[in-house]
Amino acid sequence: MNYHFQAHRQVRRNLLDILQNTSPQELMIIPDGFNNNIYWNIAHTVATQQLLCYYLSGNPFRIDKYWIETYKKGTLPNLSVEQSEIDDLAFLLTETSKILMKDYDADFFADYTSYTTSFGLDLKNIQDAIIFNNMHESLHLGYAMAQKRAILGEQF
């Protein structure tokens, strides 16, 4: 699983780079053809990781429920976010990746409730969830990159 954790850290570094190198105003723009913004895509990855790994294993979230309720699947993007929340998200991108690895190494995920994703994949254990989560986060990284290009054009 070391490779999958390494991949997760890299996806998170890429998301963090976009978050920190995009103006707060640009993070909130919903480009034509999209139904959410860059900020929502990044925050959604943090919320979904908690649901896939912690909720489905019967464990408590490692983040405040605010993030889950505000950025889970089916939510609408927030168009007014304070700089303090952007800073908190930057922290969570790094820390939740570290915490997941520590929890995995400590056998924190003994139980897991099987779940079929909207992508059509069955998750049967924490390993499946971690691998799928990487794919899910990569998808949203791609959306954030496309949205940034739609906003900034060829500059990005």
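Reading the values: rules and limits
- Residues numbered from 1 in each chain as written.
- Predicted model: local features only at pLDDT ≥ 70, side-chain atom pairs only at ≥ 80, totals over all residues.
- Heavy atoms only, no water.
- Core = buried A, V, L, I, M, F, W, Y, C linked by side-chain atoms within 4.5 Å.
- Buried < 20%, exposed > 50% of the residue type's maximum accessible area, 1.4 Å probe, protein only.
- Helix = DSSP H or I, 4+ residues; strand = E, 2+ residues; numbered from the N terminus.
- Contact = heavy atoms within 4.5 Å.
- Expected span 1.5 Å × (residues − 1).
- Arc of directions from axis to C-beta.
- Patch = residues over 30% accessible without salt bridge, like charges linked within 9 Å, V, L, I, M, F, W, Y side chains within 5 Å.
- Areas by Shrake-Rupley, 256 points an atom, 1.4 Å probe, with all protein chains shown as cover.
- Salt bridge = Lys/Arg side-chain N within 4 Å of Asp/Glu carboxyl O.
- Polar contact = N/O pair within 3.5 Å; in protein donor to acceptor, adjacent residues only side chain to side chain.

Engineer: It is not clear to me how the nonpolar core should be interpreted in this structure. Could you clarify?
Structural biologist: Side chains that are nonpolar tend, in soluble globular proteins, to be buried together. The biggest cluster of nonpolar side chains holds 26 residues, and the ones touching the most others in it are L19, Y39, I42, W67, Y71, L89 and L93. With seven residues, helix α3 (residues 38-54) is the largest single contributor of residues to this core. Look past the residues within four positions of W67 in its chain and what remains in contact with it is Y39, A43, A47, K72, E85, D88, L89 and L92. L52, C53, Y104 and I130 belong to the second-largest nonpolar core, a separate cluster that totals 14 residues.

Engineer: How should I be thinking about unusual backbone geometry in this particular structure?
Structural biologist: Positive phi is not limited to glycine here, since D107 has a value of about 55 degrees. Within the secondary structure layout, D107 lies in the loop between α5 (83-105) and β1 (115-116).

Engineer: Teacher, can you tell me more about helix α1 (residues 2-20) here?
Structural biologist: Working note: α-helix, 3.6 residues per turn, so residues spaced by three or four point in the same direction. Here α1 spans 27 Å end to end across 19 residues, near enough to the 27 Å set by a 1.5 Å rise per residue. Those residues of α1 not exposed but buried are F5, H8, V11, R12, L15, L16, I18 and L19. Angularly, the buried residues of α1 cover 160 degrees about the axis, an arc narrow enough to put them on a single face. In α1, those exposed residues whose orientation departs by more than 90 degrees from the buried face are N2, Y3 and Q20. Looking at the buried residues of α1, the elements they touch are α2 (24-28), α3, α5 and α6 (126-152).

Engineer: What is the right way to look at a nonpolar patch on the surface in this model?
Structural biologist: On the surface, F119, L121 and M135 cluster together into a nonpolar patch covering about 300 Å² of accessible area. Along the chain, the position of F119 falls in the loop between β1 and β2 (122-123).

Engineer: Hey, could you run me through the environment of I42 in this one?
Structural biologist: As for its position among the elements, I42 is in helix α3. Taking the C-alpha atoms as reference points, I42 and A144, separated by 102 residues in sequence, lie 7.4 Å from one another. Among all residues touching I42, those that are not within four sequence positions of it are L15, I18, L19, L89 and L93.

Engineer: Can you help me understand the environment of I18 in this one?
Structural biologist: Along the chain, I18 falls in helix α1. Residue I18 is classed as buried on the basis of its relative accessible area, which comes to 4%. When the C-alpha atoms of I18 and K148 are compared, they prove to be 8.4 Å apart, with 130 residues separating the residues in sequence. I18 has contacts with L27, I38, I42, L141, A144, M145 and K148, leaving out every residue within four places of it along the chain.

Engineer: What am I meant to see in the environment of Q147 here?
Structural biologist: By secondary structure assignment, the location of Q147 is in helix α6. For the pair Q147 and E85, spaced 62 residues apart in the sequence, the C-alpha separation amounts to 20 Å. Setting aside anything within four residues of it in sequence, one finds Q147 in contact with P31, F34, N36, N37, I38 and N41. At 2.8 Å, the side chain of Q147 and the backbone oxygen of N36 are in polar contact. For Q147, the side chain forms a polar contact with the side chain of N41, separated by 3.0 Å.

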